[in-house]
Amino acid sequence: MEQYQKGMIIGGTGLLYQAAEVLQQSGRVNETELYFCNSNGFGKKQAEDAQWTSREITVKKDLMELLAQESAKTLVLSVMNPWLFTEEALNNPNIFVINLHHALLPAHRGRNAEAWAIYEGDEKAGITWHRVDTGIDTGAVFIQKEVKIGDSTTSLKLLAQLNKAALEGLEELLSGDFVEKPPLSPPSGSEKLHLSKDVPNDGWLDLSWDGAQMSRFLRAVDYGVLDVFARPRVRLENEVYICKSWKIQKAEQGDNLTFDPEKQELVIQRDKTKIILRKMEKET
């Protein structure tokens, strides 16, 4: 197996520390450096007691220049990294860059892939470790892991499952040579690129949908406390409401809608799905 003088892990969440553990245990690198690409300093405090060199780097240009000028043989792991690598950086023969993507590429390229997998009704999601090229999630696939999407799976829950699968995949990837593999076949039409500004149905809950589609939409935009998407909106009685809380339940067959303005609550029963929207506020 090829060895590297240094490992660099680039991203913006605590998953970097777990990836660093896996990388160190693999014995593929002599030292590991962590680079947090966020402005709020996430991971900075944790790094005080960590065994790896950690740096907060909030300007893309600074990071790309660093990579372009790297003189040591370096394995770069891009883990939930918000930036695209420049051609200048990728042309440095001293670095080999592998990216983690939270989908079974070529399905759902781009941002927030787990949400799109739920919204579009995929039966399974997954992760891909792939080589980085000048495209967006288009490089050679090295390893993929599948994760089942259940009827109650939210984006937050799926993201946690995918992170676990990513670490398992990374451990397997680092145990041998980096060999390109054919990607798993994506669902039809799911190869579309999703940008960071894209939101399922532009953030609107459509009351004409069937119960299953309403459920998929609400579960897709549900990242819990993570600030990924704005709260969904719904148009009701010529007013626009912002939905701050909701509950999805199985129910008997039905088709009705009840709005209680005093409780700020909308109850929708559609097919065999019951959806309760709570804490609804008029958009001003």
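Here goes a summary of the coordinates provided. All residue numbers refer to positions counted from 1 along the written sequence of the respective chain. Confidence filtering applies because this is a predicted model: local features only for residues at pLDDT of at least 70, side-chain atom pairs given and counted only at 80 or more, and all residues used for totals across whole chains, interfaces and linings. In computing side-chain properties, one takes all heavy atoms of the structure into account and sets aside hydrogens as well as water.

Among the nonpolar cores identified, the biggest contains 61 residues, and Leu75, Trp129 and Leu277 are the most heavily contacted of them. Of all the elements, helix α5 (residues 155-174) adds the most residues to this core, at 9 residues. In what follows, a contact means two residues having at least one pair of non-hydrogen atoms within 4.5 Å. Setting aside chain neighbours within four positions, we find leucine 277 in contact with Leu205, Leu218, Cys243, Ser245, Trp246, Gln264, Glu265, Leu266 and Ile268. For the purposes of this section, nonpolar cores are sets of buried Ala, Val, Leu, Ile, Met, Phe, Trp, Tyr and Cys residues that join through side-chain atoms within 4.5 Å. Any residue under 20% of the maximum accessible area for its type is buried, any over 50% is exposed, and the rest in between are partly exposed; the area is computed with a 1.4 Å probe on protein chains only. In terms of nonpolar packing, the next biggest core, distinct from the first, is built from 16 residues, Ile10, Trp83, Leu90 and Val132 among them. The way it works is that DSSP assigns letters per residue, a run of H or I at least four long becomes a helix, a run of E at least two long becomes a strand, and they are numbered from the N terminus.

Omega for the bond connecting leucine 105 with proline 106 falls within 30 degrees of zero, at 15°, which places this linkage in the cis form. With respect to the secondary-structure elements, proline 106 resides in the loop between β5 (95-101) and β6 (109-110). The backbone of histidine 108 shows a phi angle near 50°, a positive value even though the residue is not glycine. In this fold, histidine 108 is placed in the loop between β5 and β6. According to the relative accessible area criterion, histidine 108 is buried, its value standing at 2%.

Here we take up the pattern of salt bridges. What makes a salt bridge here is a side-chain nitrogen of Lys or Arg within 4 Å of a carboxyl oxygen of Asp or Glu, nothing more. For the structure on display, the rule yields 11 salt bridges. The shortest N-O distance in the salt bridge between glutamate 33 and lysine 6 comes to 3.8 Å. With glutamate 33 in strand β2 (residues 29-36) and lysine 6 in strand β1 (residues 4-11), the pair connects residues that are 27 residues apart, well separated along the chain. Lysine 6 carries the same exposure label as glutamate 33, and that label is buried. Between lysine 244 and glutamate 281 there is a salt bridge, with its nearest N and O atoms 3.1 Å apart. Of this pair, lysine 244 sits in the loop between β11 (239-242) and β12 (245-260) while glutamate 281 sits in strand β14 (residues 281-282); the two residues are 37 residues apart in sequence, bridging distant segments of the chain. The exposure class of lysine 244 is partly exposed, given its relative accessible area of 37%. The network of salt bridges with common partners includes Lys6, Glu33 and Glu70.

Before going further, it helps to spend a moment on the sheet that holds β2. The 7 strands lie next to each other as β3-β2-β1-β4-β5-β7-β8, forming an open sheet whose pairing is mixed. Edge positions in the open sheet fall to β3 (53-56) and β8 (141-148), since each of these has one partner strand only. With direction set aside, neighbouring strand axes in the sheet form an average angle of 15°. One requirement defines pairing of two strands: DSSP has to find at least two bridges between them. Note: strand β7 (residues 124-131) against β8, 7 bridges, orientation antiparallel. In the strand pairing of β8, alanine 125 is matched with valine 147. To obtain an axis, a line is fitted to C-alpha atoms, over the contacting stretch when the element is a helix, and the angle between two such axes runs from 0 to 180 degrees between their N-to-C directions. Sitting on the sheet, helix α1 (residues 15-26) is in contact with β1, β2, β3, β4 (74-79) and β5, with an inclination near 175° to β2.

To continue, consider the packing of aromatic side chains. Working definition: a ring pair exists when centres of Phe, Tyr or Trp rings (six-membered ring for Trp) sit within 6.5 Å. Plane angles under 30 degrees give stacked, over 60 give edge-to-face, the rest tilted. Under the counting rule described, the total for this entry stands at 11 aromatic pairs. Centre to centre, the rings of tryptophan 116 and tyrosine 119 are 6.0 Å apart; their planes meet at 80°, and the pair counts as edge-to-face. Placement of both tryptophan 116 and tyrosine 119 in helix α4 (residues 113-119) is noted, with a separation of 3 residues, approximately one turn of the helix. Under the relative-accessibility criterion, tryptophan 116 is labelled buried at 8%. For tyrosine 119, a relative accessible area of 15% puts it in the buried group. Through successive ring pairs, a cluster of aromatic residues spans Trp116, Tyr119, Trp209 and Phe217.

It is worth spelling out the side chain of histidine 102 at this point. The residue histidine 102 is located in the loop between β5 and β6 in this model. Any pair of nitrogen or oxygen atoms within 3.5 Å is treated as a polar contact; in protein, a donor-acceptor pairing is required on top of that, and neighbouring residues in sequence qualify only through side-chain atoms on both sides. Only 2.8 Å separates the side chain of histidine 102 from the side chain of asparagine 163, close enough to count as a polar contact. For histidine 102, the contacting residues outside a window of four places in its chain are Met80, Ala113, Glu114, Gly126, Ile127, Leu159, Leu162 and Asn163.

Quick look at the packing of α1 against α5 now. In the contact formed by α1 and α5, the axes pass within 9 Å of each other and the chain directions differ by 20°. Comparing the axis directions of α1 and α5 gives the class roughly parallel. At the point where α1 passes α5, the crossing takes the right-handed sense. Note on element contacts: α5 touches α1 through Asn163, Leu167, Leu170, Glu171 and Leu174, opposite Leu15, Gln18, Ala19, Val22, Leu23 and Ser26. Counted by class, the contact of α1 with α5 contains 7 nonpolar, 3 polar and 1 charged residues. Roughly parallel here means an angle under 35 degrees, roughly antiparallel means over 145, roughly perpendicular means 65 to 115, and every remaining angle is called oblique. For any helix crossing, the convention is left-handed if the near helix is rotated counterclockwise from the far helix by under a right angle, and right-handed if that rotation is clockwise. Only Asp, Glu, Lys and Arg are considered charged in this grouping, and only Ala, Val, Leu, Ile, Met, Phe, Trp, Tyr, Cys and Pro are considered nonpolar; every other residue, Gly among them, is considered polar.

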